[in-house]
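Descriptive analysis of the structure
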Amino acid sequence: MGKTIAIYPGSFDPVTRGHMDIIERASKTVDHLIVGVLVNSAKSPLFTVEERVALLKQVTAQYPNVEIRSFDGLLVDFARASGAHILIRGLRAVTDFEYELQMAQTNRVLAPDVDTVFLTTTLEYAYVSSTIMKEVARFGGDLSSFAPPEIIQALCKKMQEEKEKNKENIL
């Protein structure tokens, strides 16, 4: 039997300790984990896809079987092109489950050979989301429990750039 390849997809704008928890645990259960950074035209992310890929590479360097790649289009097409038959999705709360179940069922119809595996986020990170993290950063709150230091530093720098850009637009 060949290598077990899985994809953990997401926006990762930016990556949180919750994401890191799923990456670490998933990397222990498969031979090769591809963290797929979604290029989502419907969203306007704070970080560019290149920045998100670079940040993820930085904070996952200790996992030799983890690869970071960006993708656009259908996740199942990315999975097939990558040789993956498993999609990893993290669940923080029951509210995530309904959406994730619907996506898993849709993906199953589109690609019957690709299964979705749900990992529940460790309880201490269940409240963390990229959206909440950006909101806390916007108001100068303590981010140490939300993300690794490298991510916090990049987020604070990005927030400062946004502030300066907004000041210029006002003037």
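Residues numbered from 1 in each chain as written. Predicted model: local features only at pLDDT ≥ 70, side-chain atom pairs only at ≥ 80, totals over all residues. Heavy atoms only, no water.

Some details on the sheet that holds strand S1 (residues 5–10)
- Spatially, the 5 strands line up as an open sheet ordered S3-S2-S1-S4-S5, and their pairing is parallel. Unpaired on one side and paired on the other, strand S3 (66–71) and strand S5 (115–120) mark the two borders of the sheet. Here the average twist between neighbouring strands, direction ignored, is 30 degrees.
- Sheet analysis places S1 next to strand S2 (residues 32–38), joined by 6 bridges and oriented parallel. Bridge pairing in S2 links Ile-7 to Ile-34.
- Most of the contacts of helix H2 (residues 49–59) go to S2, to which it runs at about 150 degrees, and overall it touches S2 and S3.
- The strands touched by helix H4 (residues 94–110) are strand S4 (86–91) and S5; relative to S4, the strand with the most contacts, the crossing angle is about 170 degrees. (Pairing = 2+ DSSP bridges. Helix = DSSP H or I, 4+ residues; strand = E, 2+ residues; numbered from the N terminus. Axes fitted to C-alpha atoms, helices over the stretch in contact; angles between N-to-C directions. Contact = heavy atoms within 4.5 Å.)

As for the pairing of S3
- Direction of pairing for S2 relative to S3: parallel, over a ladder of 6 bridges. Note on S3: the bridge partner recorded for Ile-34 is Glu-67.
- For the crossover from S2 across H2 to S3, the handedness is right-handed. (Right-handed = clockwise from strand over helix to strand, strands pointing away.)

Focus on the pattern of salt bridges
- Enumeration over the complete set of coordinates arrives at 12 salt bridges.
- The salt bridge partner of Glu-67 is Arg-69, with a shortest N-O separation of 3.4 Å.
- Here Glu-161 and Lys-157 are joined by a salt bridge, their closest N and O atoms 3.9 Å apart. Taken together, the positions of Glu-161 and Lys-157, both in helix H6 (residues 149–170) and 4 residues apart, correspond to about one turn of that helix.
- On the accessibility criterion, Lys-157 (56% relative accessible area) is exposed. (Salt bridge = Lys/Arg side-chain N within 4 Å of Asp/Glu carboxyl O. Buried < 20%, exposed > 50% of the residue type's maximum accessible area, 1.4 Å probe, protein only.)

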